[in-house]
2 protein chains.
Amino acid sequence: MQNLLSGMRIIEGSAFVAAPSGGMTLAQLGADVIRFDPIGGGIDYRRWPITADGKSLYWHSLNKGKRSIAVDFRKPEGQELLTRLIASPDDGAGHFLTNFPAKGWMSYEQLREQRNDLIYLNLVGDRHGRSALDYTVNCKVGFPSITGTGENGGSQPLNNPLPAWDVITGQQIALGLLAAERHRTKTGQGQLVKVSLADVALATLGNLGFIAEMMINGTDREAIGNHIYGTYGHDFVCQDGERVMVVGVSPNQWRAIVEVTGTSRLLGELEQRLGLDFHYEGDRYRGRDEITEILQPWFDRRPFSRVAAELDNAGVCWGKYQSIRETVETDMDCSEDNPLFQRVHQPGIGEYLMPDHPLRFTAVEREAVGRAPMLGEHTEQILADTLGLSDAEIGQLFDRKIVAAAN
Amino acid sequence: MQNLLSGMRIIEGSAFVAAPSGGMTLAQLGADVIRFDPIGGGIDYRRWPITADGKSLYWHSLNKGKRSIAVDFRKPEGQELLTRLIASPDDGAGHFLTNFPAKGWMSYEQLREQRNDLIYLNLVGDRHGRSALDYTVNCKVGFPSITGTGENGGSQPLNNPLPAWDVITGQQIALGLLAAERHRTKTGQGQLVKVSLADVALATLGNLGFIAEMMINGTDREAIGNHIYGTYGHDFVCQDGERVMVVGVSPNQWRAIVEVTGTSRLLGELEQRLGLDFHYEGDRYRGRDEITEILQPWFDRRPFSRVAAELDNAGVCWGKYQSIRETVETDMDCSEDNPLFQRVHQPGIGEYLMPDHPLRFTAVEREAVGRAPMLGEHTEQILADTLGLSDAEIGQLFDRKIVAAAN
């Protein structure tokens, strides 16, 4: 964690990836993020992957650094407790993040009555109020149709195993809360900030030029396997079966590939034959299949270790294809050698490598990575210190099962 | 654009996706973002997709809302001009964003000498100082190995056509600059903020539970095609060949699928046969292939239009597989019907649909979406108004080809 946002408190009522990762980001940057859940856990509390005894590695990975309060908010008393937390008049409080239905006691209108300058960030599925998940949004914007080689006549679109829209939205949620806090600091004004998962994907489609390409050029993007559109990049199998991705986007990167593979003459002949000039990345894209054929023999003759050493030595931009097992078990960047990571014990689960936020703010120290809370771990602390309830009041809330502590 | 960050000025020296999209995000939220480029354009100025006469739809899509100054910064006078811009003592200035090599005049140390509280955000490839692109990072963290069905013995990893790490990093860059500005406002202290593309991917691998899964359970993730790990979701082909993604993650979503398809009895028999309880999403995942077989006939008998109407009516969470052409040409969410978008004329290119930032800040109006600048469009304005140079000084800079205007 990096203590940059100290004094900022966010209450989070959330599930799944996007909203929890937004709150986690702010926690990793030093904010006090309190996630509330129903007693026994919310809809995402048991999501896979799970341990042998059913603890969710998903939930605990996505909620690091937060405090947890378990509240029965079907009951009016639970709703009242959470309203007091969300609309707390404390300095730095008054931020609410949710992807729950924003209605009833949890609506912006009702909560704002308790704190007029409330900042309320609401993530929804799409602008029409329909539910949406990463996978239902991703297929709509077309990426599955251009994943892979389209060799079966393009009839089999392929989903993305990385829920990219969720992860992007999570970072935007953190950004949105910070931007709204800045606005409130300057003007005194709170606000409702809305974002839909569908809009995040659609905006990205535009930002990456896909919409302009269709509307101006009228051309749809094709599935091109492991090539990179508009430039040169492809995968190569080494002598020992290991595989690397090699990229020649910049002139320097391309020059390094040509030099290390000693293919300058063959590529020159290819340029002549095809009428292309590989100084231009567009021409490298046009000649991509033939270029790949010319480069492949160099990889055929070398085991991975030699390929790696020679590519590094020549300054080529490349990466090794790894399974997740390989990455976790063998890659030094995925170990405590990388200051991004610390091994941390998660109660009930065990010790594993946990990342900090990848942004490194050098004005502050990098402190211990915060693990996820146990569900309800901070219930009593929050009631006592944050809400200022008396021991008697707290005891009553527990007795009446309005709140619960961690088991 | 939404005028939330007014008074904040960021100077950007950048290329490709991540850094430019970070600056664009801040511009979309109202900051004054000045991108500088060499005269004639930088390394990404002609990237594909391009128009018939070579204008980059990529560059213009990724640099919306910014001002542009064209400067020959191989020359000392150009370097001095940019140093004055970056380290300007103006209120709200003193933010620099770059993925260029942070050395020489462009190093943090040298620039900070001109403004002690400078905020300098530096994006690099990996923590070792090596270059990296989305594609060389993505293969290292394992996602290509779990994309698709792995039917060829898993021997063909598939790249992601969405440069997800770049897009995520872009949002984190915007977040990092805002968080550092907040810190400076509170403490007076500037700082260097560093982020590497490789760390962004590795942190995400941890946040999504993949690292814990390997370290605690010892299990590698498999390529499962269009299923969703740990829950139920799959694609279905309708009678007319259209394809939909249907998701049953939450109990309500699952119940809606069972009800609309009328498969309650068959699924109950399947639960019996397999010893599973589909109230648990893990059990739905275990029975995913058989569930899909039971559901498919319902889709076989209906054309897409009926499938869509019945799924919507039943409250199923679903999405249609679309090509990018379909999305742009037929989806109302990808049109001006969606307040996210406006049709804007881009000089030299034409009119197309441009998105605002998907975060909707209701405390401010949504103003006109800002198009990309023409290269050097604001050179004179920036020299005169932002740097306060005289007409004579500006004339000399143009005459000596230290700067250039748009053609």
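Everything numeric here is computed off the predicted structure, so don't read it as measured data.

Attention now moves to the interface of chain B and chain A. Contacts between the two partners involve 148 residues from chain B, matched on the other side by 148 residues from chain A. The contact between chain B and chain A buries some 12,500 Å² in all, and 65% of this surface belongs to carbon and sulfur atoms. Taken as a group, B:W48, B:R182 and B:I324 account for 7% of the area that chain B buries against chain A, more than any other trio of residues on that side. At the junction of chain B and chain A, the tally comes to 12 salt bridges. Our count for the contact surface shared by chain B and chain A stands at 49 residue pairs in polar contact (both at pLDDT 80 or more). Broken down by element, the side of chain B that touches chain A gets its largest block of residues, 15 residues, from helix α6 (residues 164–187) of chain B. In terms of residue class, the side of chain B that touches chain A is built from 77 nonpolar, 44 polar and 27 charged. Where strand β6 (residues 191–196) of chain A lies against strand β12 (residues 360–361) of chain B, 2 bridges are found, and the strand directions are antiparallel. Counterpart to A:K194 in the pairing with β12(B) is B:R360.

What follows is about the domain arrangement of chain A. By domain assignment, chain A separates into domain 1 (9–205 + 333–404) and domain 2 (243–320). Relative to domain 2 of chain A, the C-alpha centre of domain 1 of chain A lies at a distance of 44 Å.

A few words on the nonpolar core. A:F36, A:W165, B:F36 and B:W165 are the most contacted members of the largest nonpolar core, which has 190 residues in total. Not counting chain neighbours up to four residues away, the residues in contact with B:F36 comprise B:I11, B:E12, B:G13, B:I69, B:F73, B:L82, B:I86, B:F96, B:F100, B:W105 and B:M106.

Moving on, we get to the sheet that holds strand β9 (residues 317–320) of chain B. Residues and elements named next belong to chain B. Ordered by their spatial adjacency, 3 strands build an open sheet running β7-β8-β9, and the pairing between neighbours is antiparallel. Strands at the two margins of the open sheet, each flanked by one partner only, are β7 (232–237) and β9. Direction aside, the axes of adjacent strands within the sheet are offset by 20° on average. Where strand β8 (residues 243–248) lies against β9, 4 bridges are found, and the strand directions are antiparallel.

Right, let's get into the relation of the copies chain B and chain A. For the match of chain B to chain A, the screw axis carries a shift of 0.0 Å, the RMSD comes to 0.0 Å, and the turn is 180°. The superposition operator between the copies reduces to a two-fold rotation axis. Both copies present the same face, since 100% of the interface residues in chain B are matched by interface residues at the equivalent positions in chain A.

What counts, and at which threshold
Residues numbered from 1 in each chain as written. Chains lettered and ligands numbered in written order. Predicted model: local features only at pLDDT ≥ 70, side-chain atom pairs only at ≥ 80, totals over all residues. Heavy atoms only, no water. Contact = heavy atoms within 4.5 Å. Buried area = accessible area lost by both parts, 1.4 Å probe. Salt bridge = Lys/Arg side-chain N within 4 Å of Asp/Glu carboxyl O. Polar contact = N/O pair within 3.5 Å; in protein donor to acceptor, adjacent residues only side chain to side chain. Helix = DSSP H or I, 4+ residues; strand = E, 2+ residues; numbered from the N terminus. Nonpolar A, V, L, I, M, F, W, Y, C, P; charged D, E, K, R; others polar. Pairing = 2+ DSSP bridges. Domains from an automatic or database assignment. Core = buried A, V, L, I, M, F, W, Y, C linked by side-chain atoms within 4.5 Å. Buried < 20%, exposed > 50% of the residue type's maximum accessible area, 1.4 Å probe, protein only. Axes fitted to C-alpha atoms, helices over the stretch in contact; angles between N-to-C directions. Least-squares fit on C-alpha atoms with pLDDT ≥ 70 in both.

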